[in-house]
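Below, each chain spelled out in residue letters.
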Amino acid sequence: MSLVVFPFRHDDLDVFGRSIAIAASHPATTSVLCVGDLPPRAEVVAEAIAAAGGAAPVEVVEQDRIGTLRPGKGDAMLSGVHRFLDGDEDRLHFYDADIRTFSHDWITLAEAALDDGADVAKHWFHRSSTDAQITWHITKAGSALLWPESRYPDVHQPLGGEFALTRGAAEVLWEDPEVRRRSDWGIDTTITFALLKSGLTIHEVFVPEGKAHGAYGSLADLDRMLFECLDALQRLGRLALLRSGHLIMDAEGPVTTEIEEAVVFDIQATRALLAAALPHSASEVVATHPHLRPDGVWDNDRWRTVLTTLLEHFTLGDEGWEAVAFRAWGLRVLHHTDRNVPRGHTAALAALAHAVDVFRRP
């Protein structure tokens, strides 16, 4: 008996409806819950129910206000956890609402991992070499600096919104104060930390078809996610995370041509954006920390210094620090895009993984 939850916002209704129909028709699914940060429009509800085709019941609701930060994805996921714990289902699945490659296999793989005794089944998959740039340069690199002896940097997609939980694991999340406060994009960062800290068994299940989603515009589309994930990591950095929990990883399969060739953000629009002058409020930040100036080479040595500074001093909501953090991250992403991506998908991903390994060393 499993509840499948789709946090949603302004998603493609065709993709969203298809995902709902797939989840509702899976034999392990007893109900589907779609949770959004907007009041559900009548046509969304109607299309969702129609897409399910009379299989498992589908409900579309507005998320509750649970966390204490900006209302966002975190509140949607916490609403799903709360609804699950109030019900009688055994397992809880989360999937993003914009996955074009979603299929029954995503649910089946997670169910099999839980059947084998895992507390958490966390999906992982190949990504485009230009995708997951907050994951690589902020979350995985930052966790390598903060907790080098932990398993956090080993998690393939710590920002992934695709995983399944037993009731016991869901209770761990609900009772964790850091998870409960995280109403924004920082929820995935914090959930990963809480699950590792808890000592639960996490099985990373490999999804061969990968996660295909719509392309972004410039990197500015991800600025709020960047700031909130950085803030979450910074806040967690004051807490200890030893080598705890048990992480099982499925072997990976070959990369699809679609993933190998995909470019998921507008590179030229990003270059133009990063060439613009920083706001006046950023000048004091740069004056105090001259290595944050937007010049020079953004290699691993430079990024270690910059990311260490951001983890120590970044202030969520401060215009100057947000402008500097976005510029620094954007320049690091372009460095990767210019230097590593032209060498091919395998080499580009190896370079990202190497940086994480380097940051784990003193």
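Residues numbered from 1 in each chain as written. Predicted model: local features only at pLDDT ≥ 70, side-chain atom pairs only at ≥ 80, totals over all residues. Heavy atoms only, no water.

Trainee: I'm lost on the environment of Ala355 in this one. Help?
Mentor: Position of Ala355 among the secondary structure elements: in helix α15 (residues 345–359). Judged by its relative accessible area of 5%, Ala355 is buried. If we skip the residues at most four places from it in the chain, Ala355 touches Asn300 and Arg332. (Helix = DSSP H or I, 4+ residues; strand = E, 2+ residues; numbered from the N terminus. Buried < 20%, exposed > 50% of the residue type's maximum accessible area, 1.4 Å probe, protein only. Contact = heavy atoms within 4.5 Å.)

Trainee: How should the sheet that holds strand β6 (residues 163–166) be read in this particular structure?
Mentor: Whenever strands of a sheet pair, they do so through backbone hydrogen bonds, lying parallel or antiparallel. One open sheet holds the eight strands; their spatial order is β3-β2-β1-β4-β6-β5-β7-β8, and the pairing between them is mixed. Every interior strand has two partners, whereas the edge strands, β3 (58–62) and β8 (246–249), have only one. The sheet shows a mean angle of 20° between the axes of neighbouring strands, taken without regard to direction. (Pairing = 2+ DSSP bridges. Axes fitted to C-alpha atoms, helices over the stretch in contact; angles between N-to-C directions.)

Trainee: Help me understand the packing of helix α9 (residues 223–236) against helix α13 (residues 300–313) in this model?
Mentor: The relative placement of two packed helices comes down to the angle between their axes together with the axis-to-axis distance. Orientation of α9 relative to α13, taken along the N-to-C sense of each, is 75°, at an axis distance of 8 Å. As the angle between them shows, α9 and α13 are arranged roughly perpendicular. Only Leu310, Leu311, Glu312 and His313 of α13 make contact with α9, whose side of the interface consists of Leu230, Leu233 and Gln234. Its residues assigned to classes, the contact of α9 with α13 comprises four nonpolar, two polar and one charged. (Parallel < 35°, antiparallel > 145°, perpendicular 65-115°, else oblique. Nonpolar A, V, L, I, M, F, W, Y, C, P; charged D, E, K, R; others polar.)

Any link to function would need more than the numbers given here.
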